[in-house]
Amino acid sequence: MPLSPGPEADADRFVLVASLDNARNLSNLLKAVHFRDQVTVFASANGIRVTAEAAKSVQGNAFIQLRFCRAPGQGSGPGSEASSRNLTFTVGVSALLLFDEKSQCLRRLLQQSEPGVVGEAVSAAIDAGYRHIDGAYSYQNETEVGAAVKRKIDEGVVTRENLFIVSKLWCTFHAPVDVKPSLMETLSALQLTYLDLYLIHFPVGFQKVLGELFPVRDNNMLVSEIDYVDTWKAMEALVDEGLVKSIGVSNFNVSQLQRLLSVARIIPAVNQVELHPYLTQPELVEFCSSRDITVTAFSPLGSPGRIQSKVNDSADPKDLLKDPVVKVIAEKHRKSPAQVLLRFHVQRNIATIPKSVSPARIRENAEIFDFELMEEDLQSLLALNKNWRVCQLNMLQGHRFYPFKDS
Ligand SMILES: NC(=O)c1ccc[n+]([C@@H]2O[C@H](COP(=O)([O-])OP(=O)(O)OC[C@H]3O[C@@H](n4cnc5c(N)ncnc54)[C@H](OP(=O)(O)O)[C@@H]3O)[C@@H](O)[C@H]2O)c1
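Residues numbered from 1 in each chain as written. Predicted model: local features only at pLDDT ≥ 70, side-chain atom pairs only at ≥ 80, totals over all residues.

Caption draft 1: Representation of the overall build of the protein in the model. Assigned secondary structure in the protein consists of 11 helices and 16 strands. The 407 residues of the protein split such that 40% are buried. For the protein, restricting intrachain contacts to residue pairs at least 6 apart in sequence, the fraction spanning at least 24 positions comes to 64%. (Helix = DSSP H or I, 4+ residues; strand = E, 2+ residues; numbered from the N terminus. Buried ≥ 20, exposed ≤ 12 C-beta atoms within 10 Å, placed from the backbone. Contact = placed C-beta atoms within 7 Å.)

Caption draft 2: Layout of the pairing of strand β13 (residues 247-250). Residue alternation in β13 divides its side chains into two sets, Ile247 and Val249 and Gly248 and Ser250, and both sets are buried. Bridge count between strand β10 (residues 197-200) and β13: 3 bridges; the pairing is parallel. In the sheet register, Ile200 faces β13, and the bridge partner there is Val249. Bridge analysis of β13 against strand β14 (residues 270-274) gives 2 bridges, and the strand direction is parallel. Of the residues in β14, the one forming a bridge with Val249 is Asn271. Crossover handedness for the path β13 to helix α6 (residues 254-261) to β14: right-handed. (Pairing = 2+ DSSP bridges. Right-handed = clockwise from strand over helix to strand, strands pointing away.)

Caption draft 3: Summary view of the pairing of strand β15 (residues 294-298). Most of β15 is tucked away, with 4 of its 5 residues classed as buried. Two elements, β14 and β15, share 5 bridges in a ladder whose sense is parallel. Bridge assignment links Asn271 to a residue of β15, and that residue is Val295. With helix α7 (residues 282-290) bridging β14 and the parallel β15, this β-α-β connection has right-handed handedness. Relative to strand β16 (residues 351-352), β15 runs parallel, the two being bridged by 2 bridges. If you follow Thr296 over to β16, its bridge partner there is Ala351.

Caption draft 4: Quick peek at helix α9 (residues 337-346). Counting buried positions over the 10 residues of α9 gives 9, a clear majority of the element. Buried within α9 we find Pro337, Ala338, Gln339, Val340, Leu341, Leu342, Arg343, Phe344 and His345. Taken together, the buried residues of α9 touch β15, α8 (324-333), β16, α10 (359-366) and α11 (375-382).

Here's what the structure looks like:
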């Protein structure tokens, strides 16, 4: 479908008609309007309206937040918000995109699967023997995850007690008063009475703006100054109430953990952080292990489907899955590069949470308990470290709780 301004186009707001089959279309669309500050897009194929909000950010990049909305009269979903400007109902942020003005291309920051896909992936994962399901409020798919889990429990494939279900408190809910309501929303979406683990997703809080995961105004992220220590106290109360079996954090650095440990009544069970051979974080791993904090490795494959954060860095890393060192080790053990990258964590006593929506890859990623990496393999993989991060959230760099200042 050709991309052209629709009848409602005006000076500061463009309405365009497009089929949003893929991000390339959207990229073309945004280029077509020379990337104005606000763009409203109608996806005419399914009657879903998509609102894109954009804000220029550091280094000539622009962050674009897409929100899927039902057209008026089509009802609302959980967490819906009537928007006075559009008379639509927000049903969830679908993607956070980054428009790199230098290269004139649009890249995905927040990777989220299309509706229906995640439920199928959860079912395939449970069938393949996975029992640890890592989710988050911000992934905006907990209803679908919960329905798939319930189906598998109803089918007798698994019991609730055999599952380890994790969610994360989003940055807009760091105020102690918001912690329990946010958990209750998550539990309701997941159709569960308790979580096995609840994490503070990120140490920096954002201001609470209805329906917005990444509230941006005047080209700035609306951060809050809420101290994660105060948030933690509200998390501890959830354990006392039996609503979560354990609590932990995510993306915390060593000094933030130290600060938390100095006041915590309940020690964080887990710190979930980005970890793979290009980002080995030896000090953080060592610190966590010395304090009995389990490390969970996210983006263990280097998150190949996601935008690489260092878009302006000429030293952009090559694809970790195609790294020659990883490839040679994989060939030696007759395994795939992904299996080597996952086994790397297992042998270091680190939990890992690869993401896939492909049933074949979901099975492949679980078949890592029938071989062993040799010490020399582990050392070769550790030697690949280049302190390279996929998840950097550069726009938060100026905040006192931004955790990645040293890397
Ligand atoms: N706490 C946090 O702040 C945070 C941040 C990021 C991620 N996470 C968690 O960590 C999970 C994984 O991270 P991630 O999605 O960023 O990165 P990842 O697991 O390293 O990579 C996922 C990508 O790898 C592909 N893939 C999966 N298995 C593969 C295989 N065997 N061979 C080749 N490609 C394969 C997937 O594609 P297909 O789906 O097409 O197979 C997908 O594009 C997330 O789902 C989330 O639960 C947490």
